[in-house]
Amino acid sequence: AFNFSPGPATLPEPVLQQAQAEMLDWHGVGASIVELSHRGPEFMQVAHETEADLRTLMAIPDDYAVLFLQGGATVQQALIALNFADPGQATDYVITGHWGKTALKQVTPYVHANLAADGEPGGFRDIPARNSWRLSDGAAYVHYTANETIHGVEFRSANGCDIPDVGDVPLFADFSSSIASEPLDISRFGVIYAGAQKNLGPVGVTVVIIRRDLLERAGQPRAGIFDYRAHLKGESMLNTPPTWNWYLLGLTVKWMLAEGGVAEFAQRNARKSALLYDTIDTSGGFYCNEVATAARSRMNVPFFLHDSALDAAFLQESTAAGLISLKGHRVLGGMRASIYNAMPEAGVQALASFMRDFQQRHG
Ligand code: PLP
């Protein structure tokens, strides 16, 4: 089947096959990598190679630290305020969907979070124009969500909604659902974080990329386990790390490099999303996606049938055709096709022809 699930993990088939082959005996050691000490030479090799490969894949400069942490993206949403906003310092939030709202909620116990721009009055169908943002003086950072997984709204480097310019204030971004989907100029950011479970591998490990000079900020009083500096010093092993997830992330990154890297995935993702939006837009209103064209996500395509009475038939027939997990998020309803790096072009082609065929039969 082609799996259009938004998560909790979308892994490419070759990665799953390799993991299966290595499950009982990793590289002839006689044990699985999950059973070996995280401080032993075998797992240390996995950890170091994974970081080196991710740095190559994403062209991460040396003046950025890379951490592999637990707690998902949501925990990082709280930790960024604890680590990088000094007592009394404001933080700025640009909200373009559900996850931006979550990010703001996580910091309100600690710091003043200013709602600098809000797409909600427009139903999260577009990115508020940069000249409408109300940024605070002396903010610790400006935070935005690069791709809103539920609302299908993306800051797209190729389409006029580029990385926002916020002057000298560090830009923090949640890249959970679009990391490594296209080339990205990391040097434009203070912090990038992403739960691995969309493009990078399985749920359970979160990548945090931090410009090193920011680690000198005092931040708020916090326990060591909430301290990014301590995590860096402890090589992301302050407590027992999620070794299995980290290992699978490593295999996924190696697969992306072997496939041609982020430039190649950018092309595939552009073709896949263009085909799907074209199928929707040329359906004469049978299907619709209401997001402004320039802000349409290349990773998550929410869409509605003109008559919601057809939803059940659409889901039943698509599942029978081997196109699974198309049900939309409960916040929006309708359908959603998540088409991360691991989704082959053949999967999107199959979905597009199914949609045309369904329209002919039910239109
Ligand atoms: N941010 C975005 C953009 C997401 O898509 C998600 C989950 O889907 C999250 C944050 C929350 O991630 P987690 O469940 O890893 O905390």
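Residues numbered from 1 in each chain as written. Predicted model: local features only at pLDDT ≥ 70, side-chain atom pairs only at ≥ 80, totals over all residues.

**Q** Before we move on, can you summarise the pairing of strand 10 (residues 206-211) with the specific residues and values?
**A** Here strand 10 lies mainly inside the structure; 5 of its 6 residues are buried. By the bridge criterion, 6 bridges tie strand 2 (residues 64-69) to strand 10 in an arrangement that is antiparallel. Looking across to strand 10, one finds that Tyr64 is bridged to Arg211. (Buried ≥ 20, exposed ≤ 12 C-beta atoms within 10 Å, placed from the backbone. Helix = DSSP H or I, 4+ residues; strand = E, 2+ residues; numbered from the N terminus. Pairing = 2+ DSSP bridges.)

**Q** Give me the lowdown on unusual backbone geometry, citing residues and values where you can.
**A** At the junction of Gly7 and Pro8, the peptide bond is cis and its omega measures out at 5° in the coordinates. Positionally, Pro8 belongs in the loop between strand 1 (2-3) and helix 1 (13-22). Even without being a glycine, His27 presents a positive backbone phi close to 50°. Relative to the assigned elements, His27 resides in the loop between helix 1 and helix 2 (41-58).

**Q** Hey, could you go over the packing of helix 3 (residues 72-84) against helix 4 (residues 98-107) for me, with residue numbers and the actual values?
**A** It is the contact of helix 3 with helix 4, at a shortest axis distance of 8 Å, that shows an interaxial angle of 50°. Taken together, the axes of helix 3 and helix 4 lie oblique to each other. Note on packing geometry: the crossing formed by helix 3 with helix 4 is right-handed. Together, Thr74, Gln77, Ala78 and Ala81 of helix 3 and Thr102, Ala103, Gln106 and Val107 of helix 4 make up the contact between the two elements. (Axes fitted to C-alpha atoms, helices over the stretch in contact; angles between N-to-C directions. Parallel < 35°, antiparallel > 145°, perpendicular 65-115°, else oblique. Left-handed = near helix turned anticlockwise from the far one by under 90°. Contact = placed C-beta atoms within 7 Å.)

**Q** Please provide a residue-by-residue account of the nonpolar core, values included.
**A** The biggest cluster of nonpolar side chains holds 98 residues, and the ones touching the most others in it are Val142, Val191, Ala194, Val207 and Ile339. Here this core takes 7 residues from helix 6 (residues 243-259), the largest share from any one element. Here this core gathers at least three residues from each of two domains, domain 1 (14-258) and domain 2 (260-362). Once residues within four sequence positions are removed from consideration, Val191 is found in contact with Ile80, Phe172, Val208, Ile209, Ile210 and Leu214. (Core = buried A, V, L, I, M, F, W, Y, C linked by C-beta atoms within 7 Å. Domains from an automatic or database assignment.)

**Q** A description of the site of the ligand should follow, citing residues and the corresponding values.
**A** Every residue lining the ligand is accounted for by Gly7, Gly72, Ala73, Thr74, Trp99, Thr145, Thr149, Asp174, Ser176, Ser177 and Gly195. With 3 residues, helix 3 is the single largest residue contributor to the shell around the ligand. A breakdown of the residues in the shell around the ligand according to their chemical character gives 2 nonpolar, 8 polar and 1 charged. (Near = placed C-beta within 6 Å. Nonpolar A, V, L, I, M, F, W, Y, C, P; charged D, E, K, R; others polar.)

**Q** Which residues make up the UniProt feature "modified residue: N6-(pyridoxal phosphate)lysine" (unreviewed entry) in the protein, and what values do they have?
**A** As recorded in UniProt, the feature "modified residue: N6-(pyridoxal phosphate)lysine" (unreviewed entry) lies at Lys198. In this structure, Lys198 sits in the loop between strand 9 (191-195) and strand 10. Residues in contact with Lys198, not counting those within four places in the same chain, are Gly7, Thr10, Ser176, Ser177 and Tyr340. (UniProt positions renumbered as here; feature names shortened; annotations may be inferred.)

**Q** Please provide a residue-by-residue account of helix 4, values included.
**A** Among all positions in helix 4, only Trp99, Gly100, Ala103, Leu104, Gln106 and Val107 are buried. On an axial view of helix 4, the arc spanned by its buried residues comes to 160°, and they lie on one face. Contacts made by the buried residues of helix 4 are with helix 3, strand 3 (90-95), strand 4 (112-118), strand 5 (142-145), strand 6 (147-148) and strand 8 (171-174). (Arc of directions from axis to C-beta.)

**Q** Can you tell me about the domain arrangement of the protein, naming the residues and giving the values?
**A** Taken as a whole, the protein is organised into domain 1 (14-258) and domain 2 (260-362). A separation of 27 Å is found between the C-alpha centroids of domain 1 and domain 2. Elements represented by at least two residues in the side of domain 1 that touches domain 2 include exactly helix 2, strand 7 (153-154) and helix 6. Across the side of domain 1 that touches domain 2, the residue classes tally to 10 nonpolar, 11 polar and 6 charged.

**Q** Quick rundown of the pairing of strand 5? Include the residues and the values.
**A** Covered by surrounding structure in strand 5 are Val142 and Tyr144 together with His143 and Thr145, the residues of both alternating faces. Of the pairings in the sheet, the one linking strand 3 to strand 5 comprises 2 bridges and is parallel in character. Looking at the pairing, Asp92 lines up with Val142 of strand 5. Of the strand pairs in this sheet, strand 5 and strand 8 are connected by 4 bridges, and their pairing is parallel. Residue pairing for strand 8: Val142 is matched across the bridge by Leu171.

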